[in-house]
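Below are the chains, spelled out letter by letter.
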Amino acid sequence: MANRISRRDAILAGVGGAVVNAVAESRAVGEPPSPEAAPPFLTPANDFNDVSRGTPLPHSLTGQALIDARLTVETWKLKIVAEDKAVLAKPRTIAAGTALDYAGLLALGKAKSVRFLKAMQCNNIPRPLGQGLWEGVLLRDVLETCGQLDEVRRLFYWGFHNGDPKQIFRSSLAFNQVLDSPPGEMPPFLAYKLNGEALSLERGGPVRMIVPWAHGFKSVKWLQKIVLTNKSEANDTYAEAGNDPESYLKTAAYFAESGNGKFPSGKPMVVRGTAMVGWPGLERVEYWLRPDTGQDGKLSRRDPAWATADWKPVTLDPAPKDWVAQLPGGVPPKDVWGFTPEGKPKEWPMRFSVANWSLELEGLKAGKYELRVRSVDKNGFAQPEPRDGPRSGKNAVPFKLIEVA
Ligand SMILES: Nc1nc2c(c(=O)[nH]1)N[C@H]1C(S)=C(S)[C@@H](COP(=O)(O)O)O[C@H]1N2
Ligand SMILES: [Mo]
């Protein structure tokens, strides 16, 4: 229970006018997590925290409604069309019987599939929602089956929604982000497997977009439509709600559990947490402990105390030794993005994944303290730098009030 938010923390909250599951940051005093409580590297599909719009939620549909929604593997179809000045030689439409179906996507995957470890991190929730091994086919390999493309500047894409245009959840990508990935980087792909199993309806199955470097809102669930366009502006649903639609995953440290902490004096205090390793990588996670100033932990960004803060490193969990045991059966570690031919991660912690950390302090005198943690990325920026605007990803320096008694 350290790299994700427990279900009991999930509440319904209104975000940008739509109902989204979000997280309460107001939990009661928690038990100190034990140092042994390192979470499994992959989050079981059902244990992800869910962020989904729609009434009813697409993953609550059953029976005929599910078939009508084309959300079964037998009925799923992906339309790919062009609009505006953009041209597509071979559009894929349901009317013409050319839409891509699940069997067709799997056949593409048989020739060329990709496997990618990624933590789902919402732009607006200060903690990863869960981490998975996603498997699918590159979007550019799917587009290749549509023949010559001209005058395309952007792709708009969305998934099933209930027919009410207000409930659509749409995202977008620049065409270059789909085609021209730097060698060694993973471009966007269509995922049909999570943790070695068929992608569940709740996680966006049968097929979901995965955008490796982005926050969760680019990874549209229940994917059904891609429109190639000559328009140049992002029309993401999240952009309309005031968020930065092009932010890379930020590197940021979070506490595993929200709420304040109470620890018995005379015993070591152990606090666990998690860090989202964004595109800038993660150099280290640091903590700053100081006596409580009686301000409920509030500290303005301009307070001079930041300049003299005494930050010290916490301990990052080491890479698992046995990757065969961590990954789903039958997945050779060398076939996962970011792994060497010998089956070891090229970097640790891995970009786009979660890094778990722990802090153990002994000999703390009885009293009240303020505890803060922050990440330092590979460019040397300490959280919340280089961008502290929450609309490009929540990365405020988290704090906890600690009582040792
Ligand atoms: N179709 C659809 N896709 C969606 C969403 C949605 O509401 N509808 N929410 C997005 C957001 S904001 C996030 S953070 C992630 C959450 O993924 P998860 O529910 O698998 O944890 O899904 C994204 N994909
Ligand atoms: Mo999100």
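Everything that follows concerns the structure shown earlier in this document.
About the cut-offs
- Residues numbered from 1 in each chain as written.
- Chains lettered and ligands numbered in written order.
- Predicted model: local features only at pLDDT ≥ 70, side-chain atom pairs only at ≥ 80, totals over all residues.
- Heavy atoms only, no water.
- Helix = DSSP H or I, 4+ residues; strand = E, 2+ residues; numbered from the N terminus.
- Rg over C-alpha atoms; globule rule 2.2 N^0.38 Å.
- Buried < 20%, exposed > 50% of the residue type's maximum accessible area, 1.4 Å probe, protein only.
- Contact = heavy atoms within 4.5 Å.
- Salt bridge = Lys/Arg side-chain N within 4 Å of Asp/Glu carboxyl O.
- Pairing = 2+ DSSP bridges.
- Polar contact = N/O pair within 3.5 Å; in protein donor to acceptor, adjacent residues only side chain to side chain.

Caption draft 1: Structural context of the overall build of the protein chain. Per the secondary structure count, the protein chain includes six helices and 23 strands. The globule rule puts the C-alpha radius of gyration for 405 residues at 22 Å, and the 22 Å found for the protein chain is close to it. Taken along the three principal axes of its C-alpha coordinates, the protein chain extends 75 × 45 × 40 Å. Classification of the 405 residues of the protein chain by burial places 54% in the buried group. For the protein chain, the share of sequence-separated contacts (at least 6 apart) that also reach a separation of at least 24 residues comes to 74%.

Caption draft 2: Seen up close, the pattern of salt bridges. Going through the model one piece at a time under the given rule, you end up with 24 salt bridges. Two residues, aspartate 141 and lysine 112, come together in a salt bridge whose shortest N-O distance is 3.4 Å. Of this pair, aspartate 141 sits in helix α3 (residues 139-143) while lysine 112 sits in the loop between α2 (102-111) and β6 (114-120); the two residues are 29 residues apart in sequence, bridging distant segments of the chain. Note on aspartate 141: relative accessible area 13%, which makes it buried. When the shortest N-O distance is used, the salt bridge between lysine 218 and glutamate 246 registers 3.7 Å. With a gap of 28 residues between them, lysine 218 in the loop between β13 (208-210) and β14 (223-229) and glutamate 246 in the loop between α5 (237-240) and β15 (252-255) connect regions that are remote in the sequence. Given the relative accessible area of 2%, lysine 218 is considered buried.

Caption draft 3: Focus on the sheet that holds β15. In space, the four strands of this open sheet follow the order β15-β17-β21-β20, with antiparallel pairing throughout. Edge positions in the sheet fall to β15 and β20 (315-316), since each has one partner strand and no second. One ladder, built from four bridges, connects β15 with strand β17 (residues 269-276); its direction is antiparallel. Across the sheet, phenylalanine 255 pairs through a bridge with glycine 273, a residue of β17.

Caption draft 4: Here's a closer look at the side chain of arginine 372. With respect to the secondary-structure elements, arginine 372 resides in strand β22 (residues 367-376). In this structure arginine 372 comes out as buried when scored by relative accessible area, which is 2%. In this structure the side chain of arginine 372 is engaged in a polar contact, spanning 2.8 Å, whose partner is the side chain of glutamate 370.

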